[in-house]
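Descriptive structure summary
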Amino acid sequence: MGGFRTDQVLQIKMRKTDGKFPPKDLQNGGKIEDGVLLEELQNGGKMEDGDVSEEDYQRGTWSHKLDFLLSVIGYSVGVSNIWRFPYLCIRNGGGAFLIPFFFFLIFCGIPLYFLELCLGQFSGVSSIFVWKLCPLFKGLGFLMVIVSALMSWYYITVIVWVLYYLVNSFFDPLPWSVCTESWNTEYCIESRAKAAGNVTIAAANSSFYNITGMTRSGFQNGTFTTSATTQSELQNTSPVLTNSALANVTITGTGYSIQDIIKDSPTAAKEFWQRRVLRISSGFDNPGSVEPHLIIGSLVAWVLVFFCLMKGVKSVGKVVYVTAVLPYILLTVFLIRGLMLEGSVDGIMYYLTPDFSRLSDFQVWLEAGIQVFYSLGPAWGGLITMSSYNKFNNNCFRDAIIGSLADGLTSFYAGFVIFTVLGHLAVVTGLKISDMADSGPGLALVVYPEAMLSLPFPHLWAVLFFLMLLTLGIDSQFGTFETVSSGLVDAFPQYFGGRKTLLTAGLCAIMFILGLPFTTSGGMYYFQIVDWYAASLCVTLTSFLECVIVGWIYGADRFSKDVKMMLGMEVNVVIRVCWCIITPLVMLAAFIITLTNYQPPTYEGYEYPIHARVIGFLLSLIPLVPLPVTAIYYFSKTNGTCLQRLRKLTQPSADWGPHLNKYKREYQENLQNTPDEAPLLLTAKRNLLGNLVR
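Residues numbered from 1 in each chain as written. Predicted model: local features only at pLDDT ≥ 70, side-chain atom pairs only at ≥ 80, totals over all residues. Heavy atoms only, no water.

**A closer look at the overall build of the protein**
For the protein, the helix and strand inventory stands at 32 helices and five strands. Per-residue burial for the protein yields a buried fraction of 57% across its 694 residues. Long-range contacts, defined as pairs at least 24 residues apart, comprise 84% of the intrachain contacts of the protein with a sequence gap of at least 6. (Helix = DSSP H or I, 4+ residues; strand = E, 2+ residues; numbered from the N terminus. Buried < 20%, exposed > 50% of the residue type's maximum accessible area, 1.4 Å probe, protein only. Contact = heavy atoms within 4.5 Å.)

Below is the structure:
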């Protein structure tokens, strides 16, 4: 912990400001020394709206409401909206996948999004402090900070790759458009569209090769026969089919088609990704050397993050006007251009045509729920942290609706952009769309760049596309990084208070050094292990615990009254039911299924060794460690019997409440009017139905 005492970390003391904000300022009849509540009493318990003391917002606030809204949209909308959602639609019934997707978005995504925005805005503290509402689970704050730190650590690699592609988009020719570069193999084809125009199939009248002994140049404008049914059979025959052979060649055979050759042959875009960008090694145990271009890219990426976040919400609030808005402009440009291409309508129909039989498959519903959950980004701490800088009366329900729908509809909108181009590529190559659609970097960094080669002015489209990916990626990095930095400032104000710029620079430098393994030849293997395991267990579990704590331990009814202080209205019944029943059940099911249906990761057919999987599994457990550790610590420090300790630790801390002093009295009154004990059935009714049962 760099010299920090353990008891400082675990006690989670409320930050003080010149002695004016003691943690137990409400224990003496609600009076505090600075006279804020005393002024309320003298004025009949009323204060003018907006009459707040300086300490109420001593952490800082967003300059404008739109700054926050664009920030949460940018945080939620990321590269996964481009390279994962379309793939899931193909795999899970096309348009039918939209039914479970929007079901989970409405009944799980929006309620959880709203819950976290309310927590941060009401308390005015970052995710590491917000769980004072239930001290037994203060470890959740540390969990969120650790998960966000892991996310910031490895996610920057995506930005590094995109930066490298963006720089190479200015080269002529585009390095992923030719097979004459030093990294290309003899099996490379420039593009599947070009290969489809140069190779034809003659009548199948022979079942053997008649080309043994010919040189590779002999294939130019030539004819050969084959009975091969796989690319490996072609390549194991002498001479092999190579890039120079694919020039007006006619193949005569019994079962091998142009599409088979084109589908299996490595394209220039594929080899640029594998052999130039990654320079990928043979496996996990072979890290290889540090790649200079990736080191430089990582340095540039962290410098960008630093300049965007050096002043916290004040600086990022300005940056998001570009990074959150530009992707939608560019997506629209790509959609308009894509609709002009031959085959674009076929691609859209493939995207939207539903296969309703897939809805009976539980796996489809599970993948829809997980996609909604991981795309929106709750349980990482970013939403809580960003909303903690809101004004107390900001309409966070509106923001939750807009932010959640923006994420879901962006995924849907991006699907049209991707499939117009895939439809065109399918027409010119003769391949099926399912043969080209891929998930992850394979779609955004291989398939789409290849498809842009068939467009006029491919350099322009490449620059725009990778600029769009850069803005999508860096926005998501803002939220996770700010969760870490704000957590440290709030936890240790004596060290970091007033030194946000220095802290941001230090964290960026540390992350840069720790990220060096991702810049090696084996970096892709390490990236996938971390990506596969880092949040696989803890994030779904965290969301489940969030709902249980707020919905049942603290009480959805009590929390609804807290929300009413901010918004002037209580939480409606539908949101309450989601908080208490639907969302926690879905998250618990996702957690259990993740454990029981575990599948180890693979990369391009490579299977990771056992010790790599063990490292990944241990990595997934690290964020969970604070949960039992802090629970045991506070349990041992609390006096009384086991039942009395449990009771005390499931009640809000004395310093929990609205961060505006003028609302503390109202909060205490609500707290006193809440019965300590009530029949279980009545408690459930109040949590679910609120005023309807009073």
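**Describing the environment of Leu646**
Relative to the helices and strands, Leu646 resides in helix 30 (residues 642–649). Leu646 sits 15 residues away from Ala631 along the chain, and the two C-alpha atoms are 10.0 Å apart. Leaving out residues up to four positions away in the same chain, Leu646 has contacts with Leu136 and Phe635.

**Some details on the pattern of salt bridges**
Applying the stated criterion to the full structure yields eleven salt bridges. The shortest N-O distance in the salt bridge between Arg91 and Glu367 comes to 2.1 Å. Taken as a pair, Arg91 in helix 5 (residues 85–91) and Glu367 in helix 16 (residues 362–376) lie far apart in primary sequence, 276 residues in all. On the accessibility criterion, Arg91 (38% relative accessible area) is partly exposed. (Salt bridge = Lys/Arg side-chain N within 4 Å of Asp/Glu carboxyl O.)

**As for the packing of aromatic side chains**
Summed over all chains, the structure comprises 53 aromatic pairs. Arranged with centres 5.8 Å apart and planes meeting at 45 degrees, the rings of Phe122 and Trp656 form a pair that is tilted. Remark: Trp656 occurs in the loop between helix 30 and helix 31 (664–673) and Phe122 occurs in helix 6 (residues 98–123); sequence separation between them is 534 residues. Residue Phe122 shares its accessibility class with Trp656, and that shared class is buried. Here Phe284 and Tyr526 contribute two aromatic rings whose centre-to-centre distance is 5.1 Å and whose plane-to-plane angle is 80 degrees, an arrangement assigned as edge-to-face. Taken together, the positions of Phe284 in the loop between helix 11 (268–277) and helix 12 (292–309) and Tyr526 in helix 24 (residues 523–533) put the pair 242 residues apart, joining distant regions of the chain. (Phe/Tyr/Trp six-rings, centres within 6.5 Å; stacked < 30°, edge-to-face > 60°.)

**Quick look at the state of the cysteines**
For the structure on display, the rule yields one disulfide. The disulfide partner of Cys179 is Cys188, and the gap between their sulfur atoms is 2.0 Å. Here the S-S torsion is close to -65 degrees, and the disulfide linking Cys179 with Cys188 is therefore left-handed. Lacking any disulfide linkage, Cys308 is separated from the closest cysteine sulfur, that of Cys508, by 9.9 Å. Assessed through its relative accessible area of 11%, Cys308 is described here as buried. The thiol of Cys396 is not disulfide-bonded; the next cysteine sulfur, from Cys118, is found 3.7 Å away. Overall, Cys396 belongs to the buried group, its relative accessible area being 0%. (Disulfide = S-S within 2.5 Å.)

**Describing the packing of helix 7 (residues 139–168) against helix 25 (residues 538–553)**
Across the interface, helix 7 lies against helix 25 with an axial gap of 11 Å and an inter-helix angle of 150 degrees. Comparing the axis directions of helix 7 and helix 25 gives the class roughly antiparallel. Crossing angle aside, the handedness with which helix 7 passes helix 25 is left-handed. In this structure, helix 7 contributes Leu140, Leu143, Met144 and Val147 to the contact, and helix 25 contributes Cys538, Val539, Thr542, Leu545, Glu546 and Ile549. Grouping the constituent residues of the contact of helix 7 with helix 25 by class yields eight nonpolar, one polar and one charged. (Axes fitted to C-alpha atoms, helices over the stretch in contact; angles between N-to-C directions. Parallel < 35°, antiparallel > 145°, perpendicular 65-115°, else oblique. Left-handed = near helix turned anticlockwise from the far one by under 90°. Nonpolar A, V, L, I, M, F, W, Y, C, P; charged D, E, K, R; others polar.)

**Section: the nonpolar core**
Side chains of nonpolar character tend, in soluble globular proteins, to be buried together. Phe114, Leu119, Trp131, Trp161, Trp273, Phe466 and Leu469 are the most contacted members of the largest nonpolar core, which totals 188 residues. Not counting the four nearest positions on each side in its chain, Trp273 is found in contact with Trp161, Tyr165, Leu278, Pro441, Leu445, Val446, Met524 and Tyr603. (Core = buried A, V, L, I, M, F, W, Y, C linked by side-chain atoms within 4.5 Å.)

**Let's talk about helix 13 (residues 313–323)**
Within helix 13, the full set of buried residues consists of Val313, Ser315, Val316, Gly317, Val320 and Thr323. Lining the buried residues of helix 13 we find helix 3 (65–76), helix 12, helix 14 (326–339) and helix 21 (458–491).

**Section: the side chain of Thr429**
Tracing the sequence through the fold places Thr429 in helix 18 (residues 396–429). At 2.7 Å, the side chain of Thr429 and the backbone oxygen of Leu425 are in polar contact. A polar atom in the side chain of Thr429 sits 3.2 Å from the backbone nitrogen of Leu431. (Polar contact = N/O pair within 3.5 Å; in protein donor to acceptor, adjacent residues only side chain to side chain.)

**Details of the packing of helix 7 against helix 21**
Two elements in contact, helix 7 and helix 21, have axes separated by 8 Å at closest approach and are oriented at 160 degrees. Judged on the interaxial angle alone, helix 21 and helix 7 are roughly antiparallel. Considering the relative orientation of helix 7 and helix 21, their crossing is left-handed. Looking at side-chain class alone, the contact of helix 7 with helix 21 contains 20 nonpolar, seven polar and no charged residues.

**Digging into the confidence of the model for the protein**
Summing up the model confidence of the protein, the mean pLDDT is 82 and the portion of residues at 70 or higher is 79%. In the model, residues 199–231 has pLDDT below 50 throughout and makes 92 contacts with residues more than four positions away in sequence or in other chains. (pLDDT = per-residue confidence, 0-100.)

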